[in-house]
Amino acid sequence: VVTETDGKQKVVHFLRRYLRIVTVPWKVAGNIKQLYSAIDPDVLICVLLHKVVAALRRDGVAEARLLLQDWLIILVSQYNKWFELATFGDIDDSKPLDIEFKECTVLQPVPKLVYALLRCPLLSLDTVSSHPDMRMYLQCVYT
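A brief structural summary.

What counts as what
Residues numbered from 1 in each chain as written. Predicted model: local features only at pLDDT ≥ 70, side-chain atom pairs only at ≥ 80, totals over all residues. Heavy atoms only, no water. Helix = DSSP H or I, 4+ residues; strand = E, 2+ residues; numbered from the N terminus. Buried < 20%, exposed > 50% of the residue type's maximum accessible area, 1.4 Å probe, protein only. Contact = heavy atoms within 4.5 Å. Areas by Shrake-Rupley, 256 points an atom, 1.4 Å probe, with all protein chains shown as cover. Phe/Tyr/Trp six-rings, centres within 6.5 Å; stacked < 30°, edge-to-face > 60°.

## Brief notes about the overall build of the chain
So, step 1. A tally of regular secondary structure across the chain gives 5 helices and 2 strands.
So, step 2. Mapped in sequence order, the helices and strands of the chain form the string β-β-α-α-α-α-α.
So, step 3. A burial count over the chain gives 27% of its 143 residues as buried.
So, step 4. For the chain, the proportion of contacts with a sequence separation of at least 24, taken over those separated by at least 6, is 50%.
So, step 5. Surface exposure of the chain reaches about 11,200 Å², of which carbon and sulfur atoms provide 59%.

## Comments concerning the packing of aromatic side chains
So, step 1. For the structure on display, the rule yields 4 aromatic pairs.
So, step 2. With centroids separated by 6.0 Å and ring planes inclined at 80°, the aromatic side chains of Tyr 36 and Tyr 79 adopt a geometry described as edge-to-face. Taken together, the positions of Tyr 36 in helix α1 (residues 32-37) and Tyr 79 in helix α3 (residues 61-82) put the pair 43 residues apart, joining distant regions of the chain.
So, step 3. Judged by centre distance (4.6 Å) and plane angle (35°), the ring pair of Tyr 79 and Phe 83 falls under tilted. Residues Tyr 79 and Phe 83 agree in their burial class; the two are buried.
So, step 4. Aromatic ring contacts, followed pair by pair, group Tyr 36, Tyr 79, Phe 83 and Phe 101 into a single cluster.

Spelled out as structure tokens, the structure:
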């Protein structure tokens with residue numbers, strides 16, 4: 001842009017920012033089995049770990065451990081419900097629960113990873129690793 005002041009020409013520059021929006025097509029799961037099969041276990045554990053660390057800071061170690069245990073129980077029960085491997089509420093139900101995720105191979109490492117989180121020093125109820133500085137260090141290491 002050229003402007004004239006007092007007979008002199010002056011060039012003025014403007015900085016403009018543009019926001020580029022990209023639309024990416026993504027397939028939507030047709031049923032719950034496709035949804036469970038599309039899970040990335042590493043991402044799942046990472047998000048779960050962040051949730052557990054937030055609960056640890058907010059509510060303490062015991063509540064964080066309970067949150068993790070409850071989450072795994074809910075995952076197993078919902079998996080068995082949606083894959084129709086077990087029916088809940090029937091007294092004569094003789095089908096055992098599938099806790100190893102045999103129908104969904106991508107979820108098979110999840111129970112072991114949750115167990116490892118429960119056994120790690122971060123969620124230990126032991127008094128040795130309960131020093132506040134050690135807990136904060138472990139929170140930083142795990143997240």
